[in-house]
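Residue-level structure breakdown
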Amino acid sequence: MQLPKEFIEKYQKILGNEAEEFFQSLNDEPVKAFRLNPLKEEAKRVSYSLKDPVPYVLTGYYGAVSGHSLEHQTGYVYSQEPSAMYVGEAAEVLPGDIVLDLCAAPGGKSTQIAAKMKGKGLLVSNEINRKRATVLAENLERIGAVNVIVLNENPTNLAQKFPGFFDKILVDAPCSGEGMFRKDPDAIGYWSYDYPIECSKRQRQILSEALKMLKPGGQLIYSTCTFAPEEDEQIVEWLLAKYQIKTIPLKKWPGMDHGLSAVAGGNPCVVDTVRLFPHHFKGEGHFIAKFQDERQALSRTDKRKKVRKKEKTRLFRNLNKDEAKLWHTFSREVLGRELFPDIELRCWGDRLFRYPQEWPDISKLKFIRPGFQLGTFKKNRFEPAYSLALSLSESSCKRKIAVSLAEWKIFVGGNTLRSKAELENGWYLLTCKDKSFCFGKFVNGTIKNFFPKGLRFKP
Ligand SMILES: C[S@@+](CC[C@H](N)C(=O)[O-])C[C@H]1O[C@@H](n2cnc3c(N)ncnc32)[C@H](O)[C@@H]1O
């Protein structure tokens, strides 16, 4: 790998004797890994080898997965390099938390966080770039999360909307990407001596907005995939000087380093952070810091006052009688149960969503997915959504049709299937190897294809 001269000189100064070993490691193959998705039934039932677990992530395994495999399409696996996995782990998100992932696309950390939330609480997953935000929404849809809103906003607009709102905020910042040089050699082309300084300015702006949205007593996770001290330890130093926050020590597993206080004015707090160097650690370059907001957490009475002040969600309307009837009939006949309390169900246009009352009003924000979509009402009928299929477990659904892997391949390519089964006409959850992958409409022996057009592929 041809590294820029100024990059070499910079890291020779920072790393001294270790610099050569560090440069050499950038020539090694990038490390591949994936996570299993605990939101899925029998999450370990995948065709990939689980013999080589990532020690610090319960759901992580070394190895490559294909974006065209059944396990990927059904959200059982998510490809993520092993260093990046430690960010979602360090966030220690709990079911019921109100979480913001501010720079979220393509969704590595959001999918991991959503899985940890087990459908409880709210994850607002935001991405400023529209195209990337669409990919983010697709990735979150696949994992079957029912408690996620996907926004496409800039941090300033969000901060105006959500002052002091979130328990936990992740800023996985846009950075100079030095840690990704061997995974994405194009990143070397963007690099210049001044690039980390430019990036650090943007990171400070993003963090200033992020901190406006943190609840008193909340937690902030900051991460980058660069080695540049300007974007790592020096950002920590700046945050500690400017805000009423303190670092939370992160556990260092074998091969993980702590932040370098020498590059942060000798600040001892940076040893609480984690640096991942590819010459010490089996993964790409990363930096992670975690902070505790030291302002007093809201008392119970203050929290109640805040809830009372909550505005109405203007985006949605209530279901009319016919729509409610269609949904309940579908739930009874196809799902065999009610999925959510009626009070959580709202319509945006003709689309049905789960949007619990306590979730915030997002009507003035740009969004990609305003909650969890259950389906669409179309002239006296209900059409279930792809996202609904991906959130259901095979065993919990009443009406289902199991197809072979060969048939799955035909269906995800956009074609109909034939079935000799003696079935009533109507909607069925389609499964392959016990994995739900879409709804299909059975009509006189044909399974009509409702796989989203934009997502079809040839495995
Ligand atoms: C390191 S990537 C995020 C990776 C993601 N967290 C994951 O795990 O898949 C940083 C993201 O920040 C976004 N971004 C760029 N400029 C931004 C800004 N000014 N404010 C917020 N996000 C920004 C980029 O589009 C990019 O998707």
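Residues numbered from 1 in each chain as written. Predicted model: local features only at pLDDT ≥ 70, side-chain atom pairs only at ≥ 80, totals over all residues. Heavy atoms only, no water.

**Some words on the sheet that holds strand E20 (residues 426–432)**
In any sheet, the strands associate via hydrogen bonds between backbone groups, in a parallel or an antiparallel arrangement. Our working definition: By this definition, two strands are paired if DSSP reports at least two bridges between them. By the criteria applied, helices consist of DSSP H or I runs no shorter than four residues and strands consist of E runs no shorter than two, each listed in order from the N terminus. Contacts between residues were defined by any pair of non-hydrogen atoms, one from each residue, lying within 4.5 Å. For every element, the axis is a line fit to its C-alpha atoms; helices are fit only across the contacting stretch, and the angle between N-to-C directions ranges from 0 to 180 degrees.
Here we have 5 strands laid out as an open sheet, ordered E18-E20-E21-E22-E19, and mixed in their pairing. The open sheet has two edge strands, strand E18 (400–403) and strand E19 (417–418), and neither has a second partner. Contacting E18, E19, E20, strand E21 (435–443) and strand E22 (446–449), helix H14 (residues 405–412) runs over the sheet at an angle of about 75° to E21.

**Topic: the pairing of strand E5 (residues 122–126)**
Under the convention used in this document: Partly exposed describes any residue whose relative accessible area lies between the buried limit of under 20% and the exposed limit of over 50%, with all areas from a 1.4 Å probe on protein chains only and scaled to the type maximum.
Summarising burial for E5: 5 of the 5 residues are buried, a large majority. Burial of E5 is two-sided: the residues Leu122, Val124 and Asn126 facing one way and the residues Leu123 and Ser125 facing the other way are all buried. Both strand E4 (residues 98–101) and E5 contribute to a ladder of 4 bridges, which runs parallel. Paired with leucine 100 across the strands is valine 124, a residue of E5.

**Comments concerning the site of the ligand**
Defined as follows: A single heavy atom is enough: if one lies within 4 Å of a molecule or strand, its residue is considered near that molecule or strand. N or O atoms closer than or at 3.5 Å make up a polar contact, with two conditions inside protein: a donor-capable atom paired with an acceptor-capable one, and, for residues adjacent in sequence, both atoms drawn from side chains. Surface accessibility in these figures is a Shrake-Rupley result with a 1.4 Å probe; residues are shielded only by whichever protein chains are displayed. The residue classification treats Ala, Val, Leu, Ile, Met, Phe, Trp, Tyr, Cys and Pro as nonpolar and Asp, Glu, Lys and Arg as charged. All others, Gly included, are polar.
Within the structure, the ligand sits among 16 residues, and Gly108, Lys109, Glu127, Arg132 and Asp172 are positioned closest to it. A distance of 3.1 Å separates an oxygen atom of the ligand from a polar backbone atom of lysine 109. Within the side chain of glutamate 127, a nitrogen or oxygen atom sits 2.6 Å from an oxygen atom of the ligand. Relative to its unbound accessible surface of 600 Å², the ligand loses 83% to contact with the protein. When contributions to the shell around the ligand are tallied by element, the ones reaching two or more residues are helix H5 (108–117) and helix H9 (195–212). In terms of residue class, the shell around the ligand is built from 9 nonpolar, 2 polar and 5 charged.

**Observations concerning the UniProt feature "domain: SAM-dependent MTase RsmB/NOP-type" (unreviewed entry) in the protein chain**
Condition: UniProt positions are given in the numbering used here, feature names are shortened, and annotations may be inferred rather than shown by experiment.
The sites that carry the UniProt feature "domain: SAM-dependent MTase RsmB/NOP-type" (unreviewed entry) are, in the present numbering, residues 1–294. End C-alpha to end C-alpha, residues 1–294 measures 44 Å, and it is 32% helix and 19% strand.

**Some thoughts on the UniProt feature "active site" (unreviewed entry) in the protein chain**
Per the UniProt record, "active site" (unreviewed entry) is annotated on Cys225. Its location among the elements puts cysteine 225 in the loop between strand E8 (214–224) and helix H10 (233–242). Excluding its chain neighbours within four sequence positions, the residues that come into contact with cysteine 225 are Cys175, Gly177, Glu178, Gly179, Met180, Gly285 and His286.

**Considering unusual backbone geometry**
Both trends apply: most residues other than glycine have a negative phi, and most peptide bonds are in trans. Cis geometry is adopted by the peptide bond preceding proline 106, which originates at alanine 105 and carries an omega value of 5°. Position of proline 106 relative to the elements: it lies in the loop between E4 and H5. Of note in the backbone geometry, glutamate 92 takes a positive phi value of approximately 45° without being a glycine. Relative to the helices and strands, glutamate 92 resides in the loop between helix H4 (82–90) and E4. Residue glutamate 92 is classed as exposed on the basis of its relative accessible area, which comes to 52%. Positive phi is not limited to glycine here, since asparagine 380 has a value of about 65°. Turning to its location among the elements, asparagine 380 is positioned in the loop between strand E16 (372–378) and strand E17 (381–384).

**Some remarks on the pairing of strand E14 (residues 351–354)**
Both strand E13 (residues 345–348) and E14 contribute to a ladder of 4 bridges, which runs antiparallel. Note on E14: the bridge partner recorded for cysteine 347 is leucine 352. The hairpin turn running from E13 into E14, its antiparallel successor, is 2 residues long, and glycine 349 in that turn takes a positive phi close to 60°. One ladder, built from 4 bridges, connects E14 with E16; its direction is antiparallel. Bridge assignment links arginine 351 to a residue of E16, and that residue is threonine 376.

**Describing the packing of H9 against H10**
For clarity, the cut-off: Should an angle fall under 35 degrees it is called roughly parallel, over 145 degrees roughly antiparallel, and 65 to 115 degrees roughly perpendicular, with every other angle called oblique. Each helix crossing is assigned a hand: it is left-handed if the near helix lies turned anticlockwise from the far helix by less than a right angle, otherwise right-handed if that turn is clockwise.
Running from N to C, H9 and H10 cross one another at 40°; their axes reach a closest spacing of 11 Å. The orientation of H9 with respect to H10, classified from their angle, is oblique. Of the two elements, H9 crosses H10, and the hand of that crossing is right-handed. Between H9 and H10, the residues in contact are Ser200, Gln203, Arg204, Leu207, Ser208 and Leu211 and Gln234, Ile235, Trp238, Leu239 and Lys242, respectively. Among the residues forming the contact of H9 with H10, the class breakdown is 5 nonpolar, 4 polar and 2 charged.

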